[in-house]
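Structural overview
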Amino acid sequence: MTTGQLQKKGAIYFENIVDGMKQYENRMIRMDGQQACDKFLDLWELCGYNDIYVDFYYHRLPEEARRKIDLILPPQERDYVHQMNPTDEEVIFPANEVLLSICARLNDAEMLFSTIYITGEHKSTWWGNYNKEYIVFTEK
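Report follows, based on the coordinates. (Residues numbered from 1 in each chain as written. Predicted model: local features only at pLDDT ≥ 70, side-chain atom pairs only at ≥ 80, totals over all residues. Heavy atoms only, no water.)

**Observations regarding a nonpolar patch on the surface**
Put simply, the rule reads: Here the term patch refers to residues with relative accessible area over 30% and no salt bridge, with like charges joined within 9 Å and nonpolar side chains (Val, Leu, Ile, Met, Phe, Trp, Tyr) within 5 Å. For accessible areas, the Shrake-Rupley method is used with a probe of radius 1.4 Å. Any residue's cover is judged against the shown protein chains and nothing else. Salt bridge, as applied in this entry: a Lys or Arg side-chain nitrogen positioned within 4 Å of an Asp or Glu carboxyl oxygen. Secondary structure follows DSSP: runs of H or I at least 4 residues long count as helices, runs of E at least 2 residues long count as strands, and numbering of each begins at the N terminus.
Together, Leu71, Ile72 and Met111 make up an exposed nonpolar region whose accessible area comes to about 280 Å². If you trace the backbone, Met111 turns up in the loop between α6 (97–108) and β4 (115–118).

As structure tokens, this is what we get:
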């Protein structure tokens with residue numbers, strides 16, 4: 001899915017964090033990798049296993065950066081990433097258990113920050129950040 005398609009689904013989307021902070025309510029939540037994974041899985045379940053999307057730029061990283069990431073992913077997660085096969089324009093993916101786990105692990109390790117977009121009734125955007133923090137954006 002492209003960012004344009006995500007926006008059509010009604011997601012809170014912005015390219016610049018400063019713009020996001022001006023346009024939306026926001027708060028900081030600190031979570032380690034396991035806490036983040038649990039939180040996102042709970043939200044995914046709350047949304048009926050729909051309406052949650054992840055930006056995941058692994059496939060756009062240089063080969064050396066991908067190799068470093070591959071070293072910290074368990075085999076099942078590494079295999080999942082290698083089988084994704086996105087087009088050049090795809091950076092947004094529907095969430096599932098494996099992808100949410102991968103994103104929480106990589107955010108925690110500060111190796112690749114992902115953003116979780118929740119559309120529908122529980123609309124919010126969770127921007128992965130340094131120091132095990134997530135900036136949560138909601139409508140004003």
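Now that the structure has been shown, we can carry on.
**Structural notes on helix α4 (residues 63–72)**
We count it as follows: Three labels apply to residues, based on accessible area from a 1.4 Å probe with only protein chains included: buried if under 20% of the type maximum, exposed if over 50%, partly exposed otherwise in between. Each direction from the helix axis to a C-beta atom contributes to the arc, which is the arc of those directions. Residue contacts are counted whenever heavy atoms from the two residues lie within 4.5 Å of one another.
Along α4, the positions that sit buried rather than exposed are Arg66, Ile69 and Asp70. Projection of α4 onto a plane perpendicular to its axis shows the buried side chains occupying an angular sector of 105°, all on one side. Against the buried residues of α4 lie α5 (75–83) and α6.

**Re the nonpolar core**
Stated precisely, the cut-off is as follows: The term nonpolar core refers to a set of buried residues drawn from Ala, Val, Leu, Ile, Met, Phe, Trp, Tyr and Cys, joined through side-chain atoms within 4.5 Å.
Membership of the largest hydrophobic core comes to 30 residues, with the highest contact counts inside it found for Phe40, Ile52, Val54, Phe56, Ile116 and Trp126. Counting residues per element, the ones that place at least two in this core are α3 (33–46), β2 (52–55), α6, β4 and β6 (133–138). Ranked by residues supplied to this core, first place goes to α6 with seven residues. In contact with Phe40, not counting residues within four places along its chain, are Met31, Ile52, Leu100, Ile116, Trp126 and Tyr134. Residues Tyr13, Tyr53, Ile92 and Tyr117 belong to the second largest nonpolar core, which totals eight residues.

**Side note on the pattern of salt bridges**
A complete count under the given rule lists seven salt bridges for this structure. The salt bridge partner of Glu133 is Arg30, with a shortest N-O separation of 4.0 Å. Note that Glu133 is positioned in strand β6 and Arg30 in strand β1 (residues 25–30), a separation of 103 residues in sequence. What makes Glu133 partly exposed here is its relative accessible area of 21%.

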